[in-house]
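Okay, here's what each chain looks like letter by letter:
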Amino acid sequence: MMLLCYGMSLMAQRSQPNIVIVITDDQGKNDLGCEGNDIIQTPHLDRFHGESLRLTDFHVSTTCTPSRASLMTGRHTNRLNAFHTIAGRSILFEDEITLPQVLAQAGYRTGMFGKWHLGDNYPFRPKDRGFHEVCRHGGGGVGQGPDYWGNDYFDDTYWKNGMPTPYEGYCTDVFFDEALSFIKNNQAGPFFCYISTNAPHGPLNVPEAYMDRYAQETDLNERQRRFYGMITNIDDNFGRLEAQLTALGIRDNTLVIFMTDNGTALGHQVYDAGMTGNKGSVYEGGHRVPCYLRWPDGNLQGGRDISQLTAHYDLLPTIVDLLSIPHRSLKPLDGISLLPLLRGAAPDWRDRILYMDTQRGINLVHKKDYTVMSQEWRLVNGSELYHMPSDLKQVKNVIDQHPAVVTRLTEGYEKWWSSILAEDADERYAYIGLGSAHENPVALMSHDILCAKPSGRWHQFGAIRAAEGTGPWKVEVLRPGSYRISIRRFPVESHLAINDTFAQAEEDRQIAGRSPASIKSDFSMATIAVGRYYEELPIEGNPQEVIFNCHLETGKYDMTATLVDSLGKAFPAYYVYVERIESGE
């Protein structure tokens, strides 16, 4: 396990700054007024931009889980089992030490509000990874499979410190409400508040008043107006955050960081910020995002641009250095401290080489959709070279003119890739714990089965439409004993039976303009396999669940559960509940 060393007096803790990180989902550099977009309304973030240090060549991963994993650990996502957003490859390895764990051990009170997307089960939940207080949705977005059934951004049920809790209001407002309450209750500090919005990730559900703010923008279509409305709502909530920090008298001793998790999902259609690409792309627009930092008492302010090449995994070592927390890691960090840059004291800053890729599979693939970055150059997929100071748009491939640059970047990539393989990152899995006192029963969803065919089984609509794609969950039985396994098509809170058929209005549940309907009604058998245990039972009538009782020994297993239709075709059991039966029950 990684070794961390801390030694802080109570007096030192009290003088430490509070830390607030706000990270939004699917918003790019394109989607801010301060970055040149003259349509979008983001006055609070624009003002913050003017007061902050701005990392103008700051990079994250190309999708959400990978970015969050690197932010939390200071390490590249390919090392972390977090190189996809589903399929068991969006679960941060248990032996990685996270930023909230570092800060909690240094005396900080930690809180997380919104999107986690690094594991929904023990030992991978935010409450298991260093956060004292948590309010979150499940999976990678509101309404996805691990989320509470029927959530649609309005009046949803979220997990508050592990318990499903109903809320009134719009999702972003709720997460900021919870964050502001946390800040108020811990204003004596120091605290770490991580606000990770699911917006403006789709579905593009937004209060009508925010969509109406763009009613006069006739060049925007409805989806673009919704997308911009979601961002303006975030901006208003950021304004509420700023107002509270000021009212509590803690603004000047609070380090506030604003960033986003990948390139824009939609905004490039309106304004490209001079870049090519969007979410998922290894071109600049897919991973070059805003990052603004302000801490007045630490003299980190003043509206200064920092143009050196930086990345999300630099933030953990930077914060540790800023706070003078002794931190020794047995695992190599990809990030480095940016403190010399922030202090304006780095005249000889070295020309780094950084690496981003888009894996999105169940196994790592060498040379898959990648970019190699230096201060001046981008090598894309080994066949395109761009000189960034003169070609931000990446339209002029000059690979034949600079062989020495290509050699340096290619050799750097191969050395970096070898370091990934040396950690056996592709051979390891994150095992969901069964039978732990920390989570019993365990609710599993097909979002996390190891399956190369996505087919929608990761979403609630996958259960509704009976999406295909079977595969195992990686599980670890932590205590031997008798277990009760409930196989379901729909989660407990839905109260739906396995073969229920129904349709829902599009205005109630939106996803890419399609209205979900359940028409599959011929499931006739359920099966379960865990290690050497296998059993199949008929589905008689139309029950909500099929129950299996078995004895399991400790160990790591592949667990597969299926629903079989009248033609003998196997589908995933979309929801499975595994409970260890304590003796005496």
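See the structure shown above.
Each value, and the rule that gives it
Residues numbered from 1 in each chain as written. Predicted model: local features only at pLDDT ≥ 70, side-chain atom pairs only at ≥ 80, totals over all residues. Heavy atoms only, no water. Helix = DSSP H or I, 4+ residues; strand = E, 2+ residues; numbered from the N terminus. Contact = heavy atoms within 4.5 Å. 1 Å grid on protein atoms, 1.4 Å probe; cavity = no way out; pocket = protein on both sides within 12 Å on 5 of 7 lines; lining within 4 Å. Points joined across faces, edges and corners; volume = space filled by probe spheres on them. Nonpolar A, V, L, I, M, F, W, Y, C, P; charged D, E, K, R; others polar. Phe/Tyr/Trp six-rings, centres within 6.5 Å; stacked < 30°, edge-to-face > 60°. Buried < 20%, exposed > 50% of the residue type's maximum accessible area, 1.4 Å probe, protein only. Lys NZ or Arg CZ within 6 Å of the ring centre and 35° of its normal. Polar contact = N/O pair within 3.5 Å; in protein donor to acceptor, adjacent residues only side chain to side chain.

Quick look at the environment of L354 now. Within the fold, L354 resides in strand β11 (residues 354-357). Considered as a pair, L354 and V372 are 18 residues apart in the sequence and their alpha carbons are 5.9 Å apart. Ignoring any residue separated from it by four or fewer positions in sequence, one finds L354 in contact with L309, T310, A311, Y313, T371, V372 and M373.

The next subject is the layout of surface pockets. Here the second largest pocket is characterised by a volume of approximately 710 Å³. Considering the residues around the second largest pocket, the lining is formed by 29 residues, among which W159, G162, P164, E439 and A443 are closest to the centre. Mapped by element, the contributors of at least two residues to the lining of the second largest pocket are β4 (133-136), β6 (163-166), β16 (442-445) and β26 (575-581). With four residues, the single largest contributor to the lining of the second largest pocket is β16. Taken together, the residues of the lining of the second largest pocket sort by class into 16 nonpolar, five polar and eight charged.

Attention now moves to the packing of aromatic side chains. Pairs of aromatic rings are described using the distance from one ring centre to the other and the angle between the two planes. Throughout the structure, instances matching the rule amount to 26 aromatic pairs. Ring geometry for Y158 against F175: centres 4.7 Å apart, planes inclined by 45°, an arrangement best described as tilted. Pair noted here: Y158 is in strand β5 (residues 157-160) and F175 is in helix α5 (residues 171-185), with a separation of 17 residues, a long-range link. Residue classification places Y158 among the buried residues on the basis of a relative accessible area of 1%. Judged by relative accessible area, F175 falls into the buried class, the value being 1%. What links up through ring pairs into an aromatic cluster is the set Y355, Y370, Y413, W416 and W417. Above the plane of the ring of F93 lies R428, whose end atom (NZ or CZ) is 3.9 Å from the centre.

Here the focus is the environment of Q269. By the element assignment, Q269 lies in the loop between β8 (254-260) and β9 (291-294). For Q269, a relative accessible area of 47% translates into the label partly exposed. Within the structure, Q269 has its side chain in polar contact with the side chain of Q224 (distance 3.0 Å).

The topology assignment puts L338 in the loop between α8 (315-323) and α9 (339-342). Relative accessible area serves as the criterion here: at 1%, L338 is assigned to the buried category. It is 12 Å that separates the C-alpha atoms of L338 and R350, two residues lying twelve residues apart in sequence.

Negative phi is the rule for most residues except glycine; trans is the rule for most peptide bonds. A cis geometry characterises the amide bond from Y122 onward to P123, with omega recorded as 5°. Geometrically, the link from G189 to P190 is a cis peptide bond, its omega value of -5° lying close to zero. Among the secondary structure elements, P190 is positioned in the loop between α5 and β7 (191-196). Phi is positive for A87, which is not a glycine, with a value near 65°. Relative accessible area serves as the criterion here: at 1%, A87 is assigned to the buried category. In this structure, N299 is a non-glycine residue whose phi angle is positive, near 60°. The exposure class of N299 is exposed, given its relative accessible area of 57%.

Without other data, these values stay purely geometric and don't point to any function.
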